[in-house]
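Residues per chain are reported as follows:
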Amino acid sequence: WLSDLGAKVTGYALPPPTEPSHFPLLGLDMASVLGDVRDGESLKKVFAKERPEIVFHLAAQPIVRRSYQDPVDTMTTNVMGTIHVLEACRGCSAVRAIVIITSDKCYENKEWLWGYRESDPLGGFDPYSASKGCAEIVTACWRNSFFNPQDYGATHRTLLASGRAGNVIGGGD
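First things first, this report covers the structure right here in the doc. If you're wondering where the values come from, they're calculated on a predicted model, not measured in any experiment.

Quick look at the overall build of the protein chain
Reasoning step 1: A count of helical and extended segments in the protein chain gives five helices and five strands.
Reasoning step 2: Its C-alpha atoms give the protein chain a radius of gyration of 16 Å, near enough to 16 Å, the size a compact globule of 173 residues would have.
Reasoning step 3: Expressed as lengths along the three principal axes of its C-alpha atoms, the size of the protein chain is roughly 45 × 45 × 30 Å.
Reasoning step 4: Buried residues in the protein chain amount to 34% of all 173 residues.
Reasoning step 5: Taking the intrachain contacts of the protein chain between residues at least 6 apart in sequence as the baseline, contacts between residues at least 24 apart amount to 64%.
Reasoning step 6: As presented, the protein chain carries roughly 10,600 Å² of accessible surface, and 58% of it is formed by carbon and sulfur atoms.

Have a look at this one:
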């Protein structure tokens, strides 16, 4: 979709986790860089080369069950990976907009029948949900500390937002 709108698209991700994978079958008009968001230095090098204007951060360990099996991987990917993306953005003067995608699981689980609201407490009982709540807190921290909307145009030219989506799309889906 972005390519159809005329954007030059570069993706940065781990190799697809399954073989076969839908990803190569799509024949996308984009550059695909294999890398890990936990490797902040490699990510910064890609940002320096590609000089993105708009960054969508969707990289994650997205499986709740796996978060119980490997909570450290989940936390380092979802929390430190988000920090690495934000720092790569902060170090790249070309970046104008950042969209951090977390999850609708970032809220403290109240077992309600209705959906959560943005004003509801962040948290989670499982490592995955907690990691996504942490990613939201990290995003708010960077927005307030480095990309504050009140300072836009004076100290920076980057807008930062987060979206809390369900886990429905990705390279291996």
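Here's the deal with unusual backbone geometry
Reasoning step 1: For the bond running from Glu19 to Pro20, omega is 5°, close enough to zero to count as cis.
Reasoning step 2: Topologically, Pro20 is positioned in the loop between β1 (10–13) and α1 (22–25).
Reasoning step 3: Within the chain, Glu111 stands out as a residue other than glycine whose phi angle is a positive 55°.
Reasoning step 4: As for its position among the elements, Glu111 is in the loop between β4 (97–101) and α5 (127–145).

Re α5
Reasoning step 1: Here α5 is 19 residues long and its end C-alpha atoms lie 26 Å apart, about the 27 Å a rise of 1.5 Å per residue gives.
Reasoning step 2: Taken together, the buried residues of α5 touch α3 (64–69), α4 (71–90), β4 and β5 (159–163).
Reasoning step 3: For α5, the N-terminal cap is Asp126; the gap from its side-chain oxygen to the backbone nitrogen of Tyr128 is 3.1 Å.

Focus on the sheet that holds β4
Reasoning step 1: Strand order across the open sheet formed by three strands is β3-β4-β5, with parallel pairing between neighbours. The open sheet has two edge strands with one neighbour each: β3 (54–57) and β5. Averaged over all neighbouring strand pairs, the angle between strand axes comes to 15°, with direction disregarded.
Reasoning step 2: Here β4 runs beside β5; their pairing, made up of five bridges, is parallel. Bridge pairing in β5 places Ala97 opposite Leu159.

Some remarks on the packing of helix α2 (residues 40–50) against α4
Reasoning step 1: As a packed pair, α2 and α4 sit with axes 9 Å apart at the nearest point and diverge in direction by 35°. The way α2 lies across α4 gives a crossing that is right-handed. Packed against α2, whose contacting residues are Gly40, Leu43, Lys44 and Phe47, the element α4 presents His84, Val85, Glu87, Ala88 and Cys89 at the interface.
Reasoning step 2: Within the contact of α2 with α4, the residues separate by chemical class into five nonpolar, two polar and two charged.

Here we look at the pattern of salt bridges
Reasoning step 1: Tallying each qualifying case throughout the model produces eleven salt bridges.
Reasoning step 2: Here Arg38 ties to Asp73 by a salt bridge, and the two come within 2.4 Å at their closest N and O atoms. Here the residue Arg38 occupies a position in the loop between β2 (31–34) and α2, and Asp73 occupies one in helix α4, the gap between them amounting to 35 residues.
Reasoning step 3: When its relative accessible area of 11% is taken as the criterion, Asp73 is described as buried.
Reasoning step 4: In this structure, Arg164 engages Glu136 in a salt bridge whose closest nitrogen and oxygen atoms are separated by 2.9 Å.

Rules behind the numbers
- Each chain has its residues counted from 1, following the order in which its sequence is written.
- Two thresholds apply to this predicted model, a pLDDT of at least 70 for residue-level local features and 80 or more for giving and counting side-chain atom pairs, whereas whole-chain, interface and lining totals are computed over all residues.
- With hydrogens and water stripped out, all remaining heavy atoms of the structure feed into the side-chain values.
- Going along the chain from the N terminus, every DSSP run of H or I of four or more residues is numbered as a helix, and every run of E of two or more is numbered as a strand.
- It is over C-alpha atoms that the radius of gyration is taken, and the globule rule equals 2.2 Å times the number of residues to the power 0.38.
- Summary of the burial criterion: residues with accessible area below 20% of their type's maximum are buried, those above 50% are exposed, and those between are partly exposed, where the area comes from a 1.4 Å probe applied to protein chains only.
- Whether two residues touch is decided by their heavy atoms; if any such pair falls within 4.5 Å, the residues are in contact.
- Using a 1.4 Å probe, the Shrake-Rupley method yields the accessible areas, and only the shown protein chains count as cover for residues.
- In this analysis, the expected span of each helix is defined as 1.5 Å times one less than the number of residues it contains.
- Any N or O atom pair separated by 3.5 Å or less is treated as a polar contact, with the protein-specific requirement of one donor-capable and one acceptor-capable atom, and with residues adjacent in sequence counted only for side-chain atom pairs.
- Pairing between two strands is assigned when DSSP locates at least 2 bridges connecting them.
- For every element, the axis is a line fit to its C-alpha atoms; helices are fit only across the contacting stretch, and the angle between N-to-C directions ranges from 0 to 180 degrees.
- Left-handed is the label given to a crossing in which the near helix is rotated counterclockwise from the far helix by less than a right angle, and right-handed is the label when the rotation is clockwise.
- Under the scheme applied here, ten amino acids are nonpolar (Ala, Val, Leu, Ile, Met, Phe, Trp, Tyr, Cys and Pro), four are charged (Asp, Glu, Lys and Arg), and all others, including Gly, are polar.
- Note on definitions: salt bridges are taken to be side-chain nitrogens of Lys or Arg within 4 Å of carboxyl oxygens of Asp or Glu.

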